[in-house]
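Descriptive structure summary
Spelled out from the first residue to the last, the chains are:
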Amino acid sequence: MADAEQKQRLDRILCNLGYGSRREMQKRIRAGQVRVDGQTVTDPSFHVDPARASLELNGRQVLWQRYVYLMMNKPAGVISASQGREPCVLDLVQQPVKGLAVCGRLDKDVEGLLLLTNDGPLVHRLLHPRYAIEKEYEVQLHFALTDPMIRLIEAGIGEYRPARIRNAAEKTCTIIVTEGKFHEVKRIFQAAGNEVVHLKRIRLKNLCLDESLQAGEYRPLREAELRDLRAEDPAADPE
Ligand code: URA
């Protein structure tokens, strides 16, 4: 009896894990792209316990998780959190996942890496300033980036912690910050006498943006990505 309760429809399992809509999953299952315990299953209503079965989609192992973890390439022009009036990034996710939330908002005009998950404890660990989780951004600037500006930013300008500047060129660089304050990168450069004209997040801890994702596309995290994201950071301040 307990077993029967754990079993769910194959199309629903894959959809809830973020692989696509129910309709897409039904198509792919019928097309023979899904294997359960090594056997191709073409019936979308086939019932299986996802915690026990070995699932493959197009020959790639499906990672079953209690929680859902999606990496999205956020498009510019879409807000990160619902304010009720305009569509937000969660509206781009085809299947409704209970409790799905954005881990670390990006401004409307900012694009790039967004983690969407319903794993609240992980979100807390990734966002709390005490853990100093690195976030890396590609930056385009209005004015030339000077050595004094870099020194100011790397020393910690105003209320902001020291940040690291990499790949500095005339009007572009990457910046690594560890706080997550509101408009942090824009305000850091503003305080240093410059202006951000384009911003793209490319990394959160060791999770790098999958550049094969078009703006607005998303995919479930891979096992190694999730393992790295969850790993305790020995440098983190436990206080
Ligand atoms: N810093 C900003 O200024 N904006 C963002 O969206 C993220 C970091």
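In this report, the structure presented in the accompanying data block is examined. Model, not experiment: these values are computed from the prediction.

Some points on the overall build of the protein chain
Each helix and strand counted, the protein chain has seven helices and 15 strands in total. With the C-alpha coordinates aligned to their principal axes, the bounding extent of the protein chain is approximately 65 × 35 × 35 Å. Considering the protein chain as a whole, with its 239 residues, one finds that 46% of them fall into the buried category. Considering only contacts in the protein chain between residues 6 or more positions apart, those separated by 24 or more positions represent 64%.

Points about the layout of surface pockets
Empty space left among the atoms is revealed by rolling a probe the size of a water molecule over them. Taken as a whole, the largest pocket encloses approximately 510 Å³ of empty space. Forming the walls of the largest pocket are 26 residues, and the residues nearest its centre are Arg105, Leu106, Asp107, Phe182 and His183. Of all the secondary-structure elements, those providing two or more residues to the lining of the largest pocket are β10 (135–141), α6 (184–191) and β13 (196–204). In terms of residue class, the lining of the largest pocket is made up of 12 nonpolar, five polar and nine charged. The wall of the second largest pocket is formed by 16 residues, among which Tyr19, Arg60, Gln61, Pro220 and Arg222 lie closest to the centre. Across the lining of the second largest pocket, the residue classes tally to eight nonpolar, three polar and five charged. Split by domain, the lining of the second largest pocket shows at least three residues from each of two domains, domain 1 (4–62) and domain 2 (69–230).

Details of the packing of aromatic side chains
Under the definition given, this model contains one aromatic pair. Relative to Tyr69, the ring of Tyr67 has its centre 6.4 Å away and its plane inclined at 80°; by these criteria the two rings are edge-to-face. For Tyr69, a relative accessible area of 4% translates into the label buried.

Examining the pairing of strand β9 (residues 111–117)
For a regular strand, side-chain orientation follows a simple rule: the groups alternate between the two sheet faces. Counted residue by residue, β9 has seven buried out of seven residues, so it is predominantly covered. Pairing of strand β7 (residues 69–74) with β9 involves six bridges; the strand directions are antiparallel. Within the sheet, the bridge partner assigned to Lys74 lies in β9 and is Gly112. The pairing of strand β8 (residues 101–103) with β9 spans three bridges and is antiparallel. The residue of β9 that forms the bridge with Ala101 is Thr117.

Analysis parameters
- Residues numbered from 1 in each chain as written.
- Predicted model: local features only at pLDDT ≥ 70, side-chain atom pairs only at ≥ 80, totals over all residues.
- Heavy atoms only, no water.
- Helix = DSSP H or I, 4+ residues; strand = E, 2+ residues; numbered from the N terminus.
- Buried < 20%, exposed > 50% of the residue type's maximum accessible area, 1.4 Å probe, protein only.
- Contact = heavy atoms within 4.5 Å.
- 1 Å grid on protein atoms, 1.4 Å probe; cavity = no way out; pocket = protein on both sides within 12 Å on 5 of 7 lines; lining within 4 Å.
- Points joined across faces, edges and corners; volume = space filled by probe spheres on them.
- Nonpolar A, V, L, I, M, F, W, Y, C, P; charged D, E, K, R; others polar.
- Domains from an automatic or database assignment.
- Phe/Tyr/Trp six-rings, centres within 6.5 Å; stacked < 30°, edge-to-face > 60°.
- Pairing = 2+ DSSP bridges.

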